[in-house]
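# Overview (structure and organization)
Each chain, letter by letter, is given below.
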Amino acid sequence: MVLLAVLLVMQLVRPQKNKSPIPAGKVFVDTFKVDERVNTILAVSCYDCHSNSTAYPWYSEIQPVGWLMARHVNDGREKLNFDELPGYGPRRIRSKFTQIIRQVEADEMPLDSYLWIHGNARLDEEERRALLDYFNSKLNP
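These lines cover the structure that appears in this document, whether it is placed above or below. Being a predicted model, the structure only gives us computed values, none of them experimental. All residue numbers refer to position in the chain's written sequence, counted from 1. Totals for whole chains, interfaces and linings use every residue, but because this is a predicted model, local features are given only for residues with pLDDT of at least 70 and side-chain atom pairs only at 80 or more, for both listing and counting. Hydrogens and water are ignored here; the side-chain numbers use all heavy atoms of the structure.

## Regarding helix 5 (residues 90-105)
Formally: A run of H or I in DSSP becomes a helix once it reaches four residues, and a run of E becomes a strand once it reaches two; helices and strands are each numbered from the N terminus. One less than the number of residues in a helix, times 1.5 Å, gives the span that helix is expected to have. Buried, partly exposed and exposed residues are distinguished by accessible area as a fraction of the type maximum, computed with a 1.4 Å probe on protein chains only: under 20%, between the cut-offs, and over 50%, respectively. Read the arc as the range of directions from the helix axis to the C-beta atoms. In what follows, residue pairs with any heavy atoms lying within 4.5 Å of each other are defined as contacts.
Taking 1.5 Å of rise per residue, 16 residues should cover 22 Å, and helix 5 covers 22 Å from first to last C-alpha, within 8% of that figure. Taken as a whole, helix 5 has its buried residues at Ile93, Lys96, Phe97, Ile100, Ile101 and Val104. On an axial view of helix 5, the arc spanned by its buried residues comes to 140°, and they lie on one face. Of the exposed residues in helix 5, the ones pointing more than 90 degrees away from its buried face are Arg91 and Glu105. In this structure, the buried side of helix 5 is in contact with helix 2 (26-32), helix 4 (65-79) and helix 7 (125-139). With its phi angle positive at about 60°, Asp107 sits one or two positions after the end of helix 5.

## As for the pattern of salt bridges
Keep this limit in mind: By convention in these notes, a salt bridge is any Lys or Arg side-chain nitrogen within 4 Å of a carboxyl oxygen on Asp or Glu.
Scanning the entire structure with this criterion turns up six salt bridges. Residue Asp30 is joined to Lys26 by a salt bridge in which the shortest nitrogen-to-oxygen separation is 2.8 Å. In this pair, Asp30 and Lys26 both sit in helix 2, four residues apart, roughly one turn of the helix. Exposure remark for Asp30: the relative accessible area of 40% places this residue in the partly exposed category. Within the structure, one salt-bridge network assembled from shared partners comprises Asp107, Glu125 and Arg128.

## Looking at helix 4
Every α-helix winds through 3.6 residues per turn, so residues three or four apart in the chain are directed the same way. Helix length check: helix 4 (15 residues) gives 21 Å between terminal C-alpha atoms against 21 Å at 1.5 Å per residue, within 8%. Inspection of helix 4 places Gly66, Met69, Ala70, Val73 and Gly76 among the buried residues, and these make up the whole buried set. Take helix 4 and look down its axis: the buried residues cluster within an arc of 130°, on one side only. Facing away from the buried surface of helix 4 by more than 90 degrees, the exposed residues are Leu68, Arg71, Glu78 and Lys79.

## Details of unusual backbone geometry
Omega for the peptide link from Met109 to Pro110 comes to -10°, which places this bond in the cis form. Examined against the element boundaries, Pro110 turns out to sit in the loop between helix 5 and helix 6 (112-115). Phi is positive for Lys33, close to 50°, though the residue is something other than glycine. At Asp107, a position not held by glycine, the phi torsion is positive, near 60°.

## Considering the packing of aromatic side chains
Keep this limit in mind: When two rings of Phe, Tyr or Trp (its six-membered ring) have centres within 6.5 Å they constitute a pair, described as stacked for plane angles under 30 degrees, edge-to-face for angles over 60, and tilted for the intermediate range. Criterion for a charge above a ring: Arg CZ or Lys NZ at most 6 Å from the ring centre, at most 35 degrees from the ring normal.
Following the criterion strictly, the structure yields eight aromatic pairs and no others. Residues Phe28 and Phe32 carry aromatic rings whose centres are separated by 5.2 Å and whose planes lie at 40° to one another, so their mutual orientation is tilted. One end of the pair, Phe28, and the other, Phe32, are both in helix 2, four residues apart, so they sit about a helical turn from each other. In this pair, the class of Phe28 matches that of Phe32, namely buried. Between Phe32 and Phe97, the aromatic rings sit 5.4 Å apart at their centres with planes inclined by 65°, giving edge-to-face as the arrangement. In this pair, Phe32 is assigned in helix 2 and Phe97 in helix 5, connecting sequence segments 65 residues apart. Of the residues examined, Phe32 reaches a relative accessible area of 12% and is grouped as buried. The aromatic ring of Tyr88 is capped on one face by Arg92, whose charged end is 3.9 Å from the ring centroid.

Function cannot be inferred from these measures alone, as they are strictly geometric.
The structure is reproduced here in structure tokens:
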């Protein structure tokens, strides 16, 4: 009975949602001239954790799942936020693009914990190549 009461009280404490009126990645796409194919890959595999607007599934309304998801999104945005990237200086942008390339090459992104529930976010070889080609072209124009 006590456990049920605790679970019910937990539902009252809700994390802040990561929602922006500007679609995820729009500023990045406009600034860096991202083609539709690459943007689609980023939208499916990256923007939920690395932008100012997350698409929340129904189960994020259940605590403590919502808290865990909020922490995961906040950590991801802290490391890389595509919506904030255009405001960075050239050196920091170059560093972020280099990190993206390294992590895509090493198959470190998207995280396995994200892929457990979002299997469609897994990058296949063609998608991986498209991302690598795009970010390398921005480093070596």
